[in-house]
Amino acid sequence: MGVTKEQVESTLKSKLNPSHLEVIDTSGGCGASFAIEIVSEQFEGKRLLERHRLVNSALEEEMKEIHALSIKKAVTPAQWKQQQETQQSTSAA
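- The name given to the chain in an unreviewed UniProt entry is BolA-like protein, and the organism recorded there is Salix viminalis.
- We quote the UniProt Sequence similarities (unreviewed entry) comment for the chain here in full: "Belongs to the BolA/IbaG family."

Below, the structure written as structure tokens:
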């Protein structure tokens, strides 16, 4: 059996301490493919590629069994707040 959604969540929570984390198993339950949305202060001052590397290195053990990892968002809390405010004002209009 592959990696579970809960394993991915647990590892990311312990290593990156996210203020928001969404993990979706896109493999149909076999644990080989995940989509991730993560907000962490550890991303401050880092470029997108560096943020993705942080996520990948945090999941180093899990990546041995994961075939596809899609990082949909890897943003700072300030960026996340700004995106949420933008979405709310757009949907309110």
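Back to the text.
A short note on unusual backbone geometry
Logical step 1: The backbone of N17 shows a phi angle near 45°, a positive value even though the residue is not glycine.
Logical step 2: With respect to the helices and strands, the residue N17 is situated in the loop between α1 (5-16) and β1 (20-25).

Brief notes about helix α2 (residues 48-58)
Logical step 1: Those residues of α2 not exposed but buried are R51, V55 and A58. For α2, the angular spread of buried residues about the axis comes to 70°, placing them on one side. Exposed side of α2, more than 90 degrees from the buried face: L49 and R53 are the residues found there.
Logical step 2: In the core, the buried residues of α2 are packed alongside α1, β2 (33-39), β3 (68-75) and α3 (77-92).

Notes on the confidence of the model for the chain
Logical step 1: Summing up the model confidence of the chain, the mean pLDDT is 93 and the portion of residues at 70 or higher is 98%.
Logical step 2: α3 is the least confidently modelled element of the chain, averaging 88 in pLDDT, while α2 averages 97, the highest of any element.

Observations regarding the nonpolar core
Logical step 1: Within the largest apolar cluster, 16 residues are counted, with the highest numbers of intra-cluster contacts made by V8, L12, L16, I36, I38 and V55.
Logical step 2: For this core, the secondary-structure elements that each account for two or more residues are α1, β1, β2, α2 and β3.
Logical step 3: With near-sequence residues (within four places) excluded, V55 lies in contact with L12, L16, I36, I38, F43, L69 and I71.

With respect to the pairing of β3
Logical step 1: As defined by bridge partners, β2 adjoins β3 across 7 bridges and the pair is classed as parallel. If you follow I38 over to β3, its bridge partner there is A74.
Logical step 2: Read from β2 through α2 to β3, the crossover connection turns out right-handed.

Brief notes about the side chain of S40
Logical step 1: Considering the arrangement of structural elements, one finds S40 in the loop between β2 and α2.
Logical step 2: According to the relative accessible area criterion, S40 is buried, its value standing at 1%.
Logical step 3: Within the structure, the side chain of S40 is placed 2.7 Å from the backbone oxygen of L16, a separation counted as a polar contact.
Logical step 4: Once residues within four sequence positions are removed from consideration, S40 is found in contact with L16, N17, P18, V75, T76 and P77.

So, the pattern of salt bridges
Logical step 1: Tallied over the entire structure, the rule returns 3 salt bridges.
Logical step 2: A salt bridge links E9 to K5; its shortest N-O distance comes to 3.7 Å. Taken together, the positions of E9 and K5, both in helix α1 and 4 residues apart, correspond to about one turn of that helix.
Logical step 3: Accessibility expressed as a relative area gives 17% for E9, which makes it buried.
Logical step 4: A residue is classified by how much of its surface remains accessible, and K5, at 33% relative accessible area, is partly exposed.
Logical step 5: Measuring nitrogen to oxygen at the nearest pair gives 4.0 Å for the salt bridge that ties K81 to E85. Taken together, the residues span about one helical turn, with K81 and E85 both in helix α3 at a distance of 4 residues.
Logical step 6: K81 gets classed as exposed once you look at its relative accessible area, which sits at 53%.

Calculation criteria
- Residues numbered from 1 in each chain as written.
- Predicted model: local features only at pLDDT ≥ 70, side-chain atom pairs only at ≥ 80, totals over all residues.
- Heavy atoms only, no water.
- UniProt positions renumbered as here; feature names shortened; annotations may be inferred.
- Helix = DSSP H or I, 4+ residues; strand = E, 2+ residues; numbered from the N terminus.
- Buried < 20%, exposed > 50% of the residue type's maximum accessible area, 1.4 Å probe, protein only.
- Arc of directions from axis to C-beta.
- Contact = heavy atoms within 4.5 Å.
- pLDDT = per-residue confidence, 0-100.
- Core = buried A, V, L, I, M, F, W, Y, C linked by side-chain atoms within 4.5 Å.
- Pairing = 2+ DSSP bridges.
- Right-handed = clockwise from strand over helix to strand, strands pointing away.
- Polar contact = N/O pair within 3.5 Å; in protein donor to acceptor, adjacent residues only side chain to side chain.
- Salt bridge = Lys/Arg side-chain N within 4 Å of Asp/Glu carboxyl O.

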